[in-house]
Amino acid sequence: MTLQLNESEVRARAINLPAFPRVVNDILETLEDDNATLGALVRFVECDPVITGRIVSVANSAAMGGHTAVELKNVKMAISLIGMSRVREIVLAVSMAEFARKSGISAYYWEHSVAVAITAQELGRFAHVSADYALVAGLLHDIGQLWMARFYPLEFQMVRNAVNVSNRSIVEIEQHYFGIDHCVIGGILAEQWALPASIVAAIRHHHEPTPMLAEKLVGLIHVAEVLSNALDLTSRDENQVSNISEGACAAIGLDWEQDLSVLFGRIEARTEFACKVFR
Amino acid sequence: MKDMAIRLRYLPLSDVTEGMVLGAPLVLPEHGVSTFGLPLGHVLTETNLHQMAVRHAEFVCIQQEDTRSDDERAAEIAASEARVRHIFRSADLSQPLMARLYGAVLAYRGQ
């Protein structure tokens, strides 16, 4: 049986997802604000005691790596020791890891999202894209699949089965079973959560970036997903690369003929580290 | 006697141990202002590991002697190449861009 879902159905069901962490919007809004202070970041974070506890714990684990040292006891202390930009990144990742956990996300989905986010951050250096935008867009790029798995698990599983035996793209298969694909659903959710337009576009167009290449983040997330699969970052048997956009590669200024071993090494090591820390 | 080959490895900080040798200079920002650095070839100490962790290093490039025999090295490279071919199983490698991406990954795995 196939479905014919539309935008209003996606929005209506999304109300039953856990609340999207407001701190993500707060941080993205203040990125360009030179007057944003340490106090503001602390205030955003301390609105949520669960997130605060996780951040302090992750900051400790990340900062100490198992070595004996002074324990970080609060967010201010974490900022003073490891710096505001790193804490901001931890806050974003932890907030979304919490959101993903409450949403019942699978380990594979989360690891893939982390891999794409790290790859996007590293490629973003070529394209001069904000590391925080790359992180959020990478972590959320497949959020439409989470919606599908949560509200229509049977049809979602049928899509997964078909992907493994078909030559058709995942987008075509999803459109067959759902009448809509995970990119469109993800874009609707990102709009509903009032995320910046560039992140909405990156989620919506990550499989077909050509119409939106004026927005660098779109090409970046497309290439990041392809490269994370090419590097086998999640080591899943079904990992595969089937297409890549020439325009997206050009938009981020990446030349595949140069020696990329340092870039690839960084991406692999950072992803392995992040998957351990942000479980 | 043949000189032992050197391999560069990028390791997450959790896998880095005392005595490993840096394969590239290490530069870490401190509060976005000053930097903490160690030179290429530096032998890492327990104190260095702590210094890196506190500055939130995520990974380190280290150099290791390649102790594999020629046969072992060839077998590892062949297995890596087979995995890359599997990942690109549905890609059209006659497309120049796809061929370049495939070549870049293959070159990296062949190291």
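Cut-offs used in this document
- Residues numbered from 1 in each chain as written.
- Chains lettered and ligands numbered in written order.
- Predicted model: local features only at pLDDT ≥ 70, side-chain atom pairs only at ≥ 80, totals over all residues.
- Helix = DSSP H or I, 4+ residues; strand = E, 2+ residues; numbered from the N terminus.
- Rg over C-alpha atoms; globule rule 2.2 N^0.38 Å.
- Buried ≥ 20, exposed ≤ 12 C-beta atoms within 10 Å, placed from the backbone.
- Axes fitted to C-alpha atoms, helices over the stretch in contact; angles between N-to-C directions.
- Left-handed = near helix turned anticlockwise from the far one by under 90°.
- Contact = placed C-beta atoms within 7 Å.
- Nonpolar A, V, L, I, M, F, W, Y, C, P; charged D, E, K, R; others polar.
- Pairing = 2+ DSSP bridges.
- Expected span 1.5 Å × (residues − 1).
- Domains from an automatic or database assignment.
- Core = buried A, V, L, I, M, F, W, Y, C linked by C-beta atoms within 7 Å.

S.K.: Could you clarify how one ought to interpret the overall build of chain B in this entry?
M.R.: In terms of helices and strands, chain B carries three helices and five strands. Across chain B, helices and strands are ordered from the amino to the carboxyl terminus as β-β-β-β-α-β-α-α. Compactness check: chain B gives a C-alpha radius of gyration of 18 Å against a globular reference of 13 Å for 111 residues, more than 25% above the reference. With the C-alpha coordinates aligned to their principal axes, the bounding extent of chain B is approximately 50 × 45 × 20 Å. Looking at chain B as a whole, 24% of its 111 residues are labelled buried.

S.K.: When you look at the overall build of chain A in this model, what are you seeing that I'm missing?
M.R.: Helix and strand content of chain A: 16 helices and zero strands. Over its C-alpha atoms chain A spans a radius of gyration of 19 Å, differing by no more than 12% from the 19 Å that the globule rule assigns to 279 residues. Among the 279 residues that make up chain A, the fraction classed as buried is 50%.

S.K.: What exactly am I supposed to notice about the packing of helix α8 (residues 131–140) of chain A against helix α13 (residues 197–204) of chain A here?
M.R.: Between two packed helices, the angle of one axis relative to the other and the distance separating the axes together describe the packing. Residue and element names in this part refer to chain A. Contact geometry of α8 with α13 gives a least axis separation of 9 Å together with a crossing angle of 35°. When the axes of α8 and α13 are compared, the crossing they make is right-handed. On α13, the residues that touch Y133, V136, A137 and L140 of α8 are S198, I199, A202 and I203. For the contact of α8 with α13, the residue count by class is seven nonpolar, one polar and no charged.

S.K.: How do you make sense of the sheet that holds strand β5 (residues 59–65) of chain B when you look at a structure like this?
M.R.: Pairing between sheet strands relies on hydrogen bonds along the backbone, with the strands arranged either parallel or antiparallel. Strands sit in the order β1-β5-β2 (chain B) across an open sheet of three strands; the sheet is antiparallel. A strand with exactly one partner marks an edge of an open sheet, and here the two such strands are β1 (6–12) and β2 (21–22) of chain B. The pairing of β1 of chain B with β5 of chain B spans seven bridges and is classified as antiparallel. In the strand pairing of β5 of chain B, R7 of chain B is matched with Q64 of chain B. The sheet contacts of helix α16 (residues 261–277) of chain A involve β1 and β5 of chain B, and relative to β1 of chain B the element is tilted by about 35°.

S.K.: I tried to follow the interface of chain A and chain B on my own but got confused; where do I start?
M.R.: Interface size is often expressed as the accessible area that is lost when the parts come together. If you look at the interface, chain A gives 36 residues, while chain B gives 29 residues. Where the side of chain A that touches chain B is concerned, the elements lending two or more residues are α4 (49–64), α5 (75–82), α6 (84–102), α14 (216–230), α15 (246–252) and α16 of chain A. By residue number, the principal contributor to the side of chain A that touches chain B is α16 of chain A, which donates ten residues.

S.K.: What exactly am I supposed to notice about α16 of chain A here?
M.R.: An α-helical segment advances 3.6 residues per turn. Residues three or four places apart therefore align on the same side. Between its first and last C-alpha atoms α16 of chain A spans 24 Å; for 17 residues at 1.5 Å apiece the expected length is 24 Å, and the two agree. All of the buried residues along α16 of chain A are F264, G265, I267, E268, A269, R270, T271, E272, F273, A274 and V277 of chain A.

S.K.: Would you mind showing me how to read α14 of chain A here?
M.R.: Residues and elements named next belong to chain A. With 15 residues, α14 extends 21 Å between its outermost C-alpha atoms, agreeing within 8% with the 21 Å of an ideal straight helix rising 1.5 Å per residue. With 15 of 15 residues buried, α14 is to be regarded as a mostly interior element. One or two residues past the end of α14 sits D232, with phi positive at roughly 60°.

S.K.: Is there a simple way to explain the domain arrangement of chain A in this structure?
M.R.: Residue and element names in this part refer to chain A. Partitioning chain A into domains gives domain 1 (18–102) and domain 2 (104–279). Sorting the residues of the side of domain 1 that touches domain 2 by element identifies α2 (22–30), α4 and α6 as the ones contributing at least two each. The element that contributes the greatest number of residues to the side of domain 1 that touches domain 2 is α6, accounting for nine residues. For the side of domain 1 that touches domain 2, a count of residues per class yields 13 nonpolar, two polar and three charged.

S.K.: Would you mind going over the nonpolar core with me for this structure?
M.R.: Across soluble globular proteins, nonpolar side chains show a tendency to be buried alongside one another. Residues and elements named next belong to chain A. Among the nonpolar cores identified, the biggest contains 114 residues, and I55, V136, A137, I199, L217, L220 and V223 are the most heavily contacted of them. At ten residues, the largest contribution of residues to this core is made by α6. If sequence neighbours within four positions are ignored, A137 has contacts with A120, I199, A202, I203, L217 and I221.

S.K.: Sorry if this is basic, but what is going on with the environment of R100 of chain B here?
M.R.: Mapped onto the secondary structure, R100 of chain B falls in helix α3 (residues 96–109). Residues in contact with R100 of chain B, not counting those within four places in the same chain, are W256 and E257 of chain A.

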